[in-house]
Amino acid sequence: MSDFILAVRTLTRREIVRFLRQRNRVIGALATPLVFWFLIGSGVGKSFSGGANGPAASTGPAASTVSYLHYFFPGTLLLIVLFTAIFSTISIIEDRREGFLQGVLVSPIPRAAFVLAKLLGGTFLALAQCLVIYLLALGFGLPFSVLAFLLFLGTVILLGLGLTALGYLIAWPLDSTQGFHAIMNLFLMPLWFLSGALFPPGGSAGWLQWLIRCNPLSYGLTLLRLALEPGMARTPAMLDPLVSGLVMVLFSAALTYLAILLTDRMTVRNP
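Residues numbered from 1 in each chain as written. Predicted model: local features only at pLDDT ≥ 70, side-chain atom pairs only at ≥ 80, totals over all residues. Heavy atoms only, no water.

Caption draft 1: Structural context of the overall build of the protein chain. Tallying secondary structure elements over the protein chain gives 11 helices and 0 strands in all. What you see in the protein chain, going N to C, is helices and strands ordered as α-α-α-α-α-α-α-α-α-α-α. Out of the 271 residues belonging to the protein chain, those deemed buried represent 48%. Of the contacts formed within the protein chain by residues at least 6 apart in sequence, a portion of 77% connects residues at least 24 apart. Put simply, the protein chain shows about 12700 Å² of open surface, and 71% of that area lies on carbon and sulfur atoms. (Helix = DSSP H or I, 4+ residues; strand = E, 2+ residues; numbered from the N terminus. Buried < 20%, exposed > 50% of the residue type's maximum accessible area, 1.4 Å probe, protein only. Contact = heavy atoms within 4.5 Å. Areas by Shrake-Rupley, 256 points an atom, 1.4 Å probe, with all protein chains shown as cover.)

Caption draft 2: Layout of the pattern of salt bridges. All told, the structure shown has 6 salt bridges when counted by the stated rule. Between Asp-95 and Arg-14 there is a salt bridge; the shortest N-O distance is 3.2 Å. Taken together, the residues span a long stretch of sequence, with Asp-95 in helix H4 (residues 91–98) and Arg-14 in helix H1 (residues 2–21) at a distance of 81 residues. As a salt-bridge pair, Asp-95 and Lys-118 come within 3.1 Å of each other at their nearest N and O atoms. One end of the pair, Asp-95, is in helix H4; the other, Lys-118, is in helix H6 (residues 111–138), and 23 residues separate them in sequence. (Salt bridge = Lys/Arg side-chain N within 4 Å of Asp/Glu carboxyl O.)

Caption draft 3: Geometry of the environment of Arg-213. With respect to the secondary-structure elements, Arg-213 resides in helix H9 (residues 206–214). Of the residues examined, Arg-213 reaches a relative accessible area of 41% and is grouped as partly exposed. Along the backbone, Arg-213 and Ser-195 are 18 residues apart, and their C-alpha atoms lie at a distance of 8.2 Å.

Caption draft 4: The arrangement of the packing of aromatic side chains in detail. With the rule as written, the count across this model stands at 7 aromatic pairs. The interplanar angle of 25 degrees and the centroid separation of 4.4 Å between the aromatic rings of Tyr-134 and Phe-152 together place this pair among those described as stacked. Of this pair, Tyr-134 sits in helix H6 while Phe-152 sits in helix H7 (residues 146–171), placing them 18 residues apart in sequence. On the basis of relative accessible area, Tyr-134 is assigned to the buried category, the value being 0%. Between the aromatic rings of Phe-144 and Phe-149, the centroid separation amounts to 5.9 Å while the plane-to-plane angle is 45 degrees, which identifies the pairing as tilted. An aromatic cluster of three or more residues is present, and its members are Tyr-134, Phe-144, Phe-149 and Phe-152. When the ring centre of Phe-100 is taken as reference, the NZ or CZ atom of Arg-14 above it lies at 3.7 Å. The ring of Trp-172 is capped by Arg-96, whose NZ or CZ atom sits 5.6 Å from the centre of that ring. (Phe/Tyr/Trp six-rings, centres within 6.5 Å; stacked < 30°, edge-to-face > 60°. Lys NZ or Arg CZ within 6 Å of the ring centre and 35° of its normal.)

Caption draft 5: Molecular detail of empty space enclosed by the protein. A full pass over the atoms with the stated rule returns 2 cavities of 30 Å³ or more. When residues of the lining of the second largest cavity are traced back to their parent elements, those giving at least two are H1 and H6. For the lining of the second largest cavity, the residue count by class is 4 nonpolar, no polar and 3 charged. (1 Å grid on protein atoms, 1.4 Å probe; cavity = no way out; pocket = protein on both sides within 12 Å on 5 of 7 lines; lining within 4 Å. Points joined across faces, edges and corners; volume = space filled by probe spheres on them. Nonpolar A, V, L, I, M, F, W, Y, C, P; charged D, E, K, R; others polar.)

Caption draft 6: Spatial organisation of a nonpolar patch on the surface. Taken together, the side chains of Phe-144, Val-146, Leu-147 and Leu-150 make up a nonpolar region of the molecular surface, amounting to roughly 460 Å² of accessible area. Mapped onto the secondary structure, Leu-150 falls in helix H7. (Patch = residues over 30% accessible without salt bridge, like charges linked within 9 Å, V, L, I, M, F, W, Y side chains within 5 Å.)

Caption draft 7: Up close: the packing of H6 against H7. In the contact formed by H6 and H7, the axes pass within 8 Å of each other and the chain directions differ by 135 degrees. Judged on the interaxial angle alone, H7 and H6 are oblique. With respect to the hand of their crossing, H6 and H7 are arranged in right-handed fashion. Between H6, through Phe-114, Val-115, Lys-118, Leu-119, Gly-122, Thr-123, Ala-126, Leu-127, Cys-130, Leu-131 and Tyr-134, and H7, the contact on the second element is made entirely by Phe-149, Phe-152, Leu-153, Val-156, Ile-157, Gly-160, Leu-161, Thr-164, Ala-165 and Tyr-168. A breakdown of the residues in the contact of H6 with H7 according to their chemical character gives 16 nonpolar, 4 polar and 1 charged. (Axes fitted to C-alpha atoms, helices over the stretch in contact; angles between N-to-C directions. Parallel < 35°, antiparallel > 145°, perpendicular 65-115°, else oblique. Left-handed = near helix turned anticlockwise from the far one by under 90°.)

Caption draft 8: Quick look at the nonpolar core. One finds Leu-77, Phe-152 and Trp-192 to be the most contacted residues of the largest nonpolar core, which totals 67 residues. Top contributing element to this core by residue count: helix H3 (residues 61–89), with 14 residues. Leu-77 has contacts with Cys-130, Ile-133, Phe-152, Leu-224 and Leu-228, leaving out every residue within four places of it along the chain. (Core = buried A, V, L, I, M, F, W, Y, C linked by side-chain atoms within 4.5 Å.)

Caption draft 9: Fine view of the packing of H7 against helix H8 (residues 177–193). Packing of H7 against H8 brings their axes to within 11 Å, and their N-to-C directions diverge by 145 degrees. For the crossing formed where H7 meets H8, the hand is right-handed. From H7, Leu-166, Gly-167, Ile-170 and Ala-171 reach across to H8, where they touch Phe-180, Ile-183, Phe-187, Leu-188 and Leu-191. Each residue belonging to the contact of H7 with H8 can be placed in one class, and the counts come to 8 nonpolar, 1 polar and no charged.

Printed below as a string of structure tokens:
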């Protein structure tokens, strides 16, 4: 057991150091969502009127923009977690090309140690970046309470673990980073769009509401909204917080298990 923990800790540290040394990844995972938040928030805000589970209707264009920026903020944090998961798991393809992956998986340590290190590394990086934005938001009037902060931490950890495991499942069988980005644009980004991050689900078409309810990220976003606005009143269109928590735990646990299972059963290909 001590060897397993040592292997996980060492490989996790490698993931963090590798990420921080590649400044383009740090910028891409952190700055891109913030640019999205500002540009989309400023552009859509003037025509935003709330919706069934959005903020209350505003009294003018400026108030609408502020209201939408406030509504879009949890979705921005979710996008930061998503981008971090993408950048963390794309390194699997690079590790295979460099021969590092083959060296680790033929070593005496269990393959599960490598998987957990990848997932924990991505989760830690996502949590660190979201914490930076959270602390900055506190200076701009974001309400704070200990319970809300703990909910925020728990939600980001579950989201980071689940999304990194999802990225791992996509990256593991692939040989090219171009193929990974293509699948990311086709699959991962629509998950974010259909989470309710951009618009209140209550005002959308019935089939779209059904897709949003089937999307596990919608439940994580619900918990983020509760954590970022502890006094927020529930509306009929909102997802139940207890159900959301259960879905996120099952989502993260199931994908983590599938990532370990996939790694144990697949033969490592030479680059």
